[in-house]
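Residue-level structural notes
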Amino acid sequence: MNMLPTLQITQINVPIEAFYSKYSCPELTDTNDGFCNSVFFGSVEGTLPITEDTAVYSKDISKVGAIVKLGVLGFSTHSVIFTGTMTGRIGKILVDDRGSKPLGTFEIVQHSFPVLDIKVNNNEDVYVMTENCIVNVADKDPCPNKVTCQDCMKSKNPACGWDIPAASCQPNVDNVTEWLPSVGGQCLQIEAKDLLIHDDSRNSYREERAVKFKFDPDIKFDNVFCQYEYGGDRLIQAIQVNEYYECSLSLGDEPFTLHLVLTGGVIVSTKINMYKLSSADSCQDCVRTSGFWCVKSVSCVIECEDCAGEFDFIGPDMENECPMIKRNRTEYLKCSLNGDKYDAYLETGNSHVICQNVKAPNAHAKMYLQYNNSKIDNSTDIEVYRCDNFASCEECKYQKHQNYQCDWCGSCVTTLNGGCSTPESCPISIYRIVPSFGPENGGTLVNVSGKNIGYPNDNITVIINGAKCINVNVIEASTVLSCYSGSANIVGLSNIVGLSNIVGLSNIVGLSNIVGLSNIVGLSNIVGLSNIVGLSNIVGLSNIVGLSNIVGLSNGVTISVNGFSSSPVENLYRYESQLELHSFKPDRSIISGGQKIQITGVNIGYDGSRYNIVFCDSSKWFCIPCRLFKIVSRTSFICSMGTSRTIKTLEQLLVVIDDNTQLRLNRSFLIVTDPIVSPLLAEDATVFKSGGVKFTIQGKGFSNIGTVKVENEDDEQCFIKSDTKVICKAPKYIEFDFERRKRSPRQHFFVAFDNYVTSLTVLYVDDPVFEKLPDQTFGKNLNIVIKGQRILEGAKQEEYTINIGSDGKCIITAITNFNITCLPPYGKPQTKTEDAIFILVSV
């Protein structure tokens, strides 16, 4: 099967040494397994672009890694594309004439090492190469014998499939078309229409009916026969008519099973239901069961000749021609509601149907269109309602915004024909604001909850402590709004008209520095102003009109919906002033970034706020972002440093909160070089497969690191002992997904020093095993000897602990690769049993 246009295939002869000269590869399969000196095909190339062809695979690669290599295993009926990823995984994609689909999940070839190449040999073997191993990932298990098609479909060997005429699971060596690949997972199926029969037909009184069917997949058979239970063993040959096959059968009013037979026996079966003519009361019900719909008589018949007019029918293959709302067929159009029928006509332009003089029901009801007493197939049920059934203002407003033609005018009335010309608003209640505080410069995204606080398309205004909220959106109709808090910073006092004639104002302690205070009109209502030193001597202050409307001085939240305002609700939100940055720690990060920086100050921690954090040099041209990690408290938050291009000394910290609040702290921050990590020493490079054994990483620059973590070990971080040593626990050995004759005991895993990631290699050995202790009595100063194997092959003495009972410790006094000697506690350990004491060895 040709999958790509104008292919150029490059043939190469590759000896094993070409791949293997640099590496010691214990993963390698045996030299006589067909790989060495085999003929391979290179990459698929072509002169025509394939960008406009249908995509065979398109999925999220965040978990499996980017696809970098392809190999195609091709057969006459299908192909299997092997896809290699950057993370050492292999996926399979089935491609045939019907499309493409992934086969299972991506499986591990070699953990974390990218696939470098994929080679297909003799259309049988699929070799995958990574940096230091070559693996044959082909599924070559023999095709299962003496099974059904469903059993055959479970085979993962892409060469296996179900031979339909032979009724066996085998390779398609003769390239026949009556064969289904096992990797496709689909056996032959049949699509057949249910049938109509006359009302007076019975199983005892049959009639001849043509049964139509087709195959899925669409396979063409030369000689297909029909067989069913009422026909005994008799075979009726099927005749192909266009895309369908037909068999003429004698049928009654009960369902039956249709068997399709080739020379070798039954290849597929299906159940066909029988329906009487009287049950088909719509055109679509009729034609879907192989009937004919008579348009004028609005009835279903079995033969088209039974309709009155020569062309006045709709047949089984004409479902889209069933009666629909058209101007030339409206003489029998009616609206049906609760059994009553009302005259209907098409409005000009055929865009609407008008139902005339409909009597409104006392409760909700469904109305639909009828054509000569038959429900029109493409009509939609319409809900008929009365506005006065919505008793409350809230329910009425809700239904209005659900597109009901109702509104509240003392009661719920219709808005048609000018009704309810001056709608009333429902009483507004405000419950809470989340978050309940934010910077005084605003910009904080808040959610306001309440009742009757607005619907989509309403004109809604939210005022928080005198500041207007911007970008108001309805999150949940009537109950939840979102908006960005406005600025409550008291600025612009110089524009307020005058206090220039007040005598002695310049003598008030601390007022001489207020910008523009000479132009203020009135301070009589400002709380606490009488306490300012010397204010009592100011002439004329009692005549000043107050400042209660200055933004930030009022305390309350109000919501206005379409001009109707709520009463103010106090103490729901608090604007914070005097935001300051005080310090940060640590004061350095590596070039690769990832260091967690804790920043402290006053009123700087706001859950849900947006933060833009950067460390910059004195020119502000060189800045490193620090992404917000979490809010610790009102006075602290943590951010994660980004990556730098070079080592650098940064001079200032800049923090912007919710776009409007800008904070600055002048203090040095160092970008230092990434750490140097040495290969593991031999004594640390051998560990047990179960993992958990401590090993020491040596190098330089570890004191500049915040956290060290081993890949796949999320629960516990490594311990940074000094600038040159880090103590970690080895991860578990990872079993590969592909069976091989030889497995590598060495594995690579990644260790992250903040964002600097390096690979380390360890040799995995089997876990130790211990012999069962003989029955014996333990006492004071009597050593316990525990025998076993491989005790020191993957751990040191200090890695072992021995517990006796629930609270006792056995002190290790000697250890070899074959036994452990320990000294039990003086007193008898606690135990849940009367006599037996359990000993637990942990490593």
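So, here is what we can say about the structure in this document. (Residues numbered from 1 in each chain as written. Predicted model: local features only at pLDDT ≥ 70, side-chain atom pairs only at ≥ 80, totals over all residues. Heavy atoms only, no water.)

**Here we look at the nonpolar core**
This is how it is decided: Put simply, buried Ala, Val, Leu, Ile, Met, Phe, Trp, Tyr and Cys residues joined by side-chain atoms within 4.5 Å make one nonpolar core. Summary of the burial criterion: residues with accessible area below 20% of their type's maximum are buried, those above 50% are exposed, and those between are partly exposed, where the area comes from a 1.4 Å probe applied to protein chains only. Strands are runs of DSSP state E lasting at least 2 residues, helices are runs of H or I lasting at least 4, and numbering of each runs from the N terminus. Any pair of residues with heavy atoms lying within 4.5 Å of one another is described as a contacting pair.
Counting 38 residues, the largest nonpolar core has I697 and F753 as the members making the most contacts within it. In terms of residues, this core owes the most to one element, strand β62 (residues 756-765), which gives four residues. Setting aside residues no more than four positions away along its own chain, F753 makes contact with I590, P675, V677, I697, F702, I705, T707, V708, V726 and T758. Residues C187, L195, C247 and M274 belong to the second largest nonpolar core, which totals 36 residues.

**Description of the state of the cysteines**
Keep this limit in mind: A pair of sulfur atoms, both from cysteines and within 2.5 Å, is called a disulfide here.
Tallied over the full model, the rule gives 14 disulfides. Covalent S-S linkage joins C226 and C247, the inter-sulfur distance amounting to 2.0 Å. In this structure the cystine formed by C226 and C247 twists about its S-S bond by roughly 80 degrees; its chirality is therefore right-handed. Residue C226 is located in strand β19 (residues 225-228), and its partner C247 is located in strand β22 (residues 244-251); the two are separated by 21 residues in the primary sequence. What makes C226 buried here is its relative accessible area of 0%. Bridging C393 to C426, the disulfide has an S-S length of 1.7 Å. Here the S-S torsion is close to -95 degrees, and the disulfide linking C393 with C426 is therefore left-handed. Here C393, found in helix α4 (residues 393-400), pairs with C426, found in the loop between β36 (412-414) and β37 (429-434); they are 33 residues apart in sequence, far enough to count as distant. The cysteine C304 is free of any disulfide, with C307 supplying the nearest cysteine sulfur at 7.4 Å.

**What to know about α4**
For the record, the criterion: Throughout, the arc means that of the directions going from the helix axis to the C-beta atoms.
Within α4, burial applies to C393, C396, K397 and Q399. Buried residues along α4 cover an arc of 165 degrees about the axis, so they all sit on one side. Where α4 is buried, its residues contact β35 (406-408) and β36.

**Quick notes on the packing of aromatic side chains**
What characterises a pair of aromatic rings is the spacing of the ring centres plus the angle enclosed by the ring planes. The condition that has to hold: Centres within 6.5 Å make a pair out of two Phe, Tyr or Trp rings, where for Trp the six-membered ring is used; the pair is then stacked when the planes are under 30 degrees apart, edge-to-face when over 60, and tilted otherwise.
Taken as a whole and judged by the stated rule, the model has 16 aromatic pairs. Note on Y228 and F256: the rings are 5.7 Å apart at their centroids and 65 degrees apart in plane angle, and the pair reads as edge-to-face. Taken together, the residues Y228 in strand β19 and F256 in strand β23 (residues 256-262) connect sequence positions 28 residues apart. For F256, a relative accessible area of 1% gives the class buried. A ring pair is formed by Y733 and Y764, whose centres lie 5.3 Å apart and whose planes are at 65 degrees; its orientation type is edge-to-face.

**Observations regarding the sheet that holds strand β16 (residues 189-192)**
Our working rule: A pair of strands is labelled paired if DSSP reports no fewer than 2 bridges between them. Interaxial angles span 0 to 180 degrees and are taken between N-to-C directions of axes, which are lines fitted to C-alpha atoms, for helices over the stretch in contact.
With antiparallel pairing, the four strands of this open sheet are ordered in space as β16-β18-β22-β21. Two strands close off the open sheet at either side, each with one partner strand: β16 and β21 (239-241). Taking the axes of each pair of neighbouring strands and ignoring which way they run, one obtains an average angle of 45 degrees across the sheet. Strand direction decides the pairing type here: strand β18 (residues 207-216) and β22, joined by seven bridges, are antiparallel. Note that in β22 the partner of K212 across the bridge is E246.

**Focus: the sheet that holds strand β13 (residues 160-163)**
Reading across from one edge, β14-β13-β15 is the order of the three strands in this open sheet, with antiparallel pairing throughout. A strand with exactly one partner marks an edge of an open sheet, and here the two such strands are β14 (168-171) and β15 (179-181). Geometrically, the sheet is characterised by an average inter-axis angle of 40 degrees between neighbouring strands, direction not taken into account. In this structure, β13 lies alongside β14, joined through four bridges in antiparallel fashion. Bridge pairing in β14 links W162 to C169.

**Let's talk about unusual backbone geometry**
P217 follows D216 through a cis peptide bond whose omega is 5 degrees. The residue P217 is located in the loop between β18 and β19 in this model. Cis geometry is found at the peptide bond from V434 to P435, where omega equals -5 degrees. Even without being a glycine, D658 presents a positive backbone phi close to 55 degrees. Structurally, the position occupied by D658 is in the loop between β53 (648-657) and β54 (661-672). Taking relative accessible area as the criterion, D658 reaches 0% and is therefore assigned buried. Non-glycine residue R790 carries a positive phi angle of around 60 degrees. In this structure, R790 sits in the loop between β64 (784-789) and β65 (801-804). Residue R790 is classed as partly exposed on the basis of its relative accessible area, which comes to 22%.

**A look at the side chain of T444**
Under the convention used in this document: Nitrogen and oxygen atoms within 3.5 Å of one another constitute a polar contact, given that in protein one can donate a hydrogen and the other can accept it, and given that sequence-neighbouring residues count only through two side-chain atoms.
Tracing the backbone shows T444 in the loop between β38 (437-439) and β39 (445-451). Overall, T444 belongs to the buried group, its relative accessible area being 0%. Of note is the side chain of T444, whose polar atom sits 2.5 Å from the side chain of D658. Other than its neighbours up to four places away in sequence, T444 contacts P435, G438, P439, C483, Y484, S485, Y573, S609 and D658.

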